[in-house]
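Observations on the three-dimensional arrangement
In case you want the letters, here they are:
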Amino acid sequence: MFYWVLKSQKFLKWRLNHSMKNLAKFVLGHSKLVLFGFIGLVLASSILGFQAFGLLKGGGYDNPNADSTKVTQLLSSEYNIDQAEV
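Residues numbered from 1 in each chain as written. Predicted model: local features only at pLDDT ≥ 70, side-chain atom pairs only at ≥ 80, totals over all residues. Heavy atoms only, no water.

**Thoughts on the packing of aromatic side chains**
How we decide: We call Phe, Tyr and Trp rings a pair once their centres come within 6.5 Å, taking the six-membered ring for Trp, and we label the pair stacked below 30 degrees between planes, edge-to-face above 60, and tilted otherwise. Only DSSP runs of H or I reaching four residues or more are called helices, and only runs of E reaching two or more are called strands; each is numbered from the N terminus. Each residue is assigned to one of three classes by its accessible area relative to the maximum for its type, calculated with a 1.4 Å probe on protein chains only: buried under 20%, partly exposed between the two thresholds, exposed over 50%.
In the structure shown here, the tally under the stated rule is one aromatic pair. Centre to centre, the rings of Phe50 and Phe53 are 6.3 Å apart; their planes meet at 35 degrees, and the pair counts as tilted. Here Phe50 pairs with Phe53, and both are found in helix 2 (residues 31-55), just three residues apart, close to one helical turn. In terms of burial, Phe50 and Phe53 fall into one category: exposed.

What follows is the structure, given as structure tokens:
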């Protein structure tokens, strides 16, 4: 059984090395396609990323049973201290 594990690890290393060589050959052979594809991917993710800012809501998550929420409520009622703005 131990021999099989060693053999499978050698196979996995060979397979990873072999696939990296194939990827390198593809990138070198199609350099303009890879470059423009990467630029397109960056532009598309930038557009989608900037749209995400408008969809996010402020305020975050409040757990009414958390100790920090209880302390914040106590401070605001007893000592008239506003919530911290981070």
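**As for a nonpolar patch on the surface**
So the rule is basically this: A residue counts toward a patch only above 30% relative accessible area and without a salt bridge, and it is joined to like-charged neighbours within 9 Å or, for Val, Leu, Ile, Met, Phe, Trp and Tyr, to nonpolar neighbours within 5 Å. Note that accessible areas follow from Shrake-Rupley with a 1.4 Å probe, and for residues the cover is restricted to the protein chains shown. Any carboxyl oxygen of Asp or Glu within 4 Å of a side-chain nitrogen of Lys or Arg constitutes a salt bridge here.
A cluster of nonpolar residues, Leu16, Met20, Leu23, Phe26, Val27 and Leu33, forms a patch on the protein surface that exposes about 570 Å² of accessible area. Of the residues forming the nonpolar patch, the biggest block, five residues, is contributed by helix 1 (residues 2-29). Looking at where Leu33 falls in the secondary structure, it is placed in helix 2.

**A short note on helix 3 (residues 67-78)**
In plain terms, the rule: To estimate the expected span of a helix, subtract one from its residue number and multiply by 1.5 Å.
In this model helix 3 runs 16 Å from its N-terminal to its C-terminal C-alpha over twelve residues, within 8% of the 16 Å that 1.5 Å per residue would give. Note on helix 3: the residue one or two positions beyond its end, Asn80, has a positive phi of about 55 degrees.

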